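Architecture and fold: a report
Each chain, letter by letter, is given below.
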Amino acid sequence: MQLLADASMPLVTELAHRFSDALQQQGVALTLTTFQGRQPTPEQLAQADFLMIRSITKVDPDLLQQAPQLKWIGTATIGTEHVDAAACQAAGIDFVSTPGVNANAVGDYVASAVSCIALEQGNLPRGEVAIIGAGHTGRAAGQRLSGLGLHVHYYDPPLLQREGTSAPVDVHADWHRVLASDVISCHVPMTKAGEYPTYHLFTQASIAALPDNCILINASRGAVIEEQALRAAMQCGQRLHVVLDVWEHEPQVAADLFPWLRYATAHIAGHSVAGKVGGTRRLFSELAQWLKHAKLTSELPPLSELMQPWPEAVRMYRWQSNEPPTWQMLASWVRDIYDIRIDDKLLRQATPEPATFDALRRNYSARAELSQGTVAGGSWLAQEAWQVRLRQLTFSHIQKQEQ
Ligand SMILES: NC(=O)C1=CN([C@@H]2O[C@H](COP(=O)(O)OP(=O)(O)OC[C@H]3O[C@@H](n4cnc5c(N)ncnc54)[C@H](O)[C@@H]3O)[C@@H](O)[C@H]2O)C=CC1
Ligand SMILES: O=C(O)C(=O)[C@H](O)COP(=O)(O)O
């Protein structure tokens, strides 16, 4: 059997070798072939039984036709719109994704964006924070912003419809409340059909309605914000702090927008080491289950062990504060671990070509997560309210005896 996988998925070769050794003991031969770039070649597809991909590989009827042996496809991503799931089903191919796998990284990205802007402005946003989409990434972002001291609410009409008011967070369906918020962060899947499509959720009219100096962040999919409408708003001099990680026409970035954007990054919000290695690990776990191989599943090393080769992913950050931290201290701790300005600089310095965009993402350096931070302090840490806020920021804490 042949496993065809994107070569840039971390640890894909190591985990495939473990799989093939275990399967060999049962007389089953599994070989790994990797592909570079966005699409596998027709020759590779012709031989493939299993396919592991990232968000850049388009799976459509044309690809499936070239892969007559294919039985299973796994994407190491949360987003799934690059895969035609109906076509897979029609061809009898099982398809899995990895829900939530890099949500912590996306939450960290949003926390860093807001922290960096607040530190530069000298104040935290005063009004409300609207999180659009109360799923894995939206809640991770909202939780961290609450930890910074902001007031967060969630706009998610489909969730309200599914769960009513029993949803565990402040969920509503009031679009006007979103447009009146001082921070807005988008965390929805890309959908063009259905009752609540997200394609061009932000049009010229909704962008024009935003308050002055509103922070608008998109780390979901580019086309949630109509790029042309954003361009028009900026050209008219509307004052917004826009942070874009994703682009309507990826891998082409709208470099002409850079001068107006507060931060512009190369679709790397989810790219912490834990997010990426976790994606590969989750796919092998899914494949083991598909193969009904309990031993393979139970013998998969834990994520913490798999991350050892990346020192940045296992390094611990530690801060000391004898007094309750100010918002500036919290924001600078966030920035110590992940500084969005570095990724912004990398994209602005790169040539605005699709190949450069892909290369930036492929060669992304190892990134830590906020959960690697620990705060040590005195009696203030005994207060439940502070413990909650540090937990929301995913920091650990140690209370020390005061002298
Ligand atoms: N920039 C990056 O690196 C990453 C981007 N993403 C993108 O973020 C998206 C969201 O990820 P998760 O939060 O993990 O997904 P999720 O499936 O856990 O949550 C999505 C939420 O959006 C809600 N929703 C759907 N349509 C909506 C609408 N019209 N208005 C308001 N809410 C709506 C759903 O009800 C759901 O609660 C992914 O589909 C992916 O495209 C995900 C990970 C990394
Ligand atoms: O999970 C998703 O959805 C994403 O957008 C990923 O973070 C993108 O990662 P790659 O597919 O480019 O590894």
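Residues numbered from 1 in each chain as written. Chains lettered and ligands numbered in written order. Predicted model: local features only at pLDDT ≥ 70, side-chain atom pairs only at ≥ 80, totals over all residues. Heavy atoms only, no water.

Overview of the pairing of strand β15 (residues 396-399)
- Across 4 bridges, strand β14 (residues 373-377) lies against β15 in parallel orientation. Bridging across to β15, Ala376 finds its partner in Ile398.
- Crossover β14 to β15 through helix α18 (residues 384-392) is right-handed. (Pairing = 2+ DSSP bridges. Helix = DSSP H or I, 4+ residues; strand = E, 2+ residues; numbered from the N terminus. Right-handed = clockwise from strand over helix to strand, strands pointing away.)

Things to note about helix α17 (residues 354-362)
- Every buried residue of α17 is listed here: Phe357, Asp358 and Arg361. All buried residues of α17 fall inside an arc of 95 degrees around its axis, so they share one side. (Buried < 20%, exposed > 50% of the residue type's maximum accessible area, 1.4 Å probe, protein only. Arc of directions from axis to C-beta.)

Section: the site of ligand 1
- Near ligand 1 you find 31 residues, and of these His136, Thr137, Asp156, Tyr196 and Asp245 are the closest.
- The contact in question runs from an oxygen atom of ligand 1 to an N or O atom on the side chain of Asp156, over 2.6 Å.
- Taking Tyr196, its main chain carries an N or O atom lying 2.9 Å from a nitrogen atom of ligand 1.
- In isolation ligand 1 exposes 860 Å². Once the protein is present, 90% of that is buried.
- Mapped onto the shell around ligand 1, the elements with two or more residues apiece are α6 (136-148) and α7 (157-163).
- When residues of the shell around ligand 1 are assigned to their parent elements, the largest contribution, 4 residues, is made by α7.
- Considered class by class, the residues forming the shell around ligand 1 number 15 nonpolar, 12 polar and 4 charged. (Near = heavy atom within 4 Å. Polar contact = N/O pair within 3.5 Å; in protein donor to acceptor, adjacent residues only side chain to side chain. Areas by Shrake-Rupley, 256 points an atom, 1.4 Å probe, with all protein chains shown as cover. Nonpolar A, V, L, I, M, F, W, Y, C, P; charged D, E, K, R; others polar.)

Quick word on unusual backbone geometry
- The amide bond that connects Glu250 to the next residue, Pro251, takes the cis arrangement and shows omega of 10 degrees.
- Within the secondary structure, Pro251 sits in the loop between β11 (240-244) and β12 (261-264).
- With a phi angle near 65 degrees, Leu11 is a residue other than glycine that sits in the positive phi range.
- Residue Leu11 is classed as buried on the basis of its relative accessible area of 13%.
- In the Ramachandran plot, His200 falls in the positive-phi region, its phi being about 50 degrees despite a non-glycine side chain.
- Considering the arrangement of structural elements, one finds His200 in the loop between β9 (183-186) and α9 (204-208).

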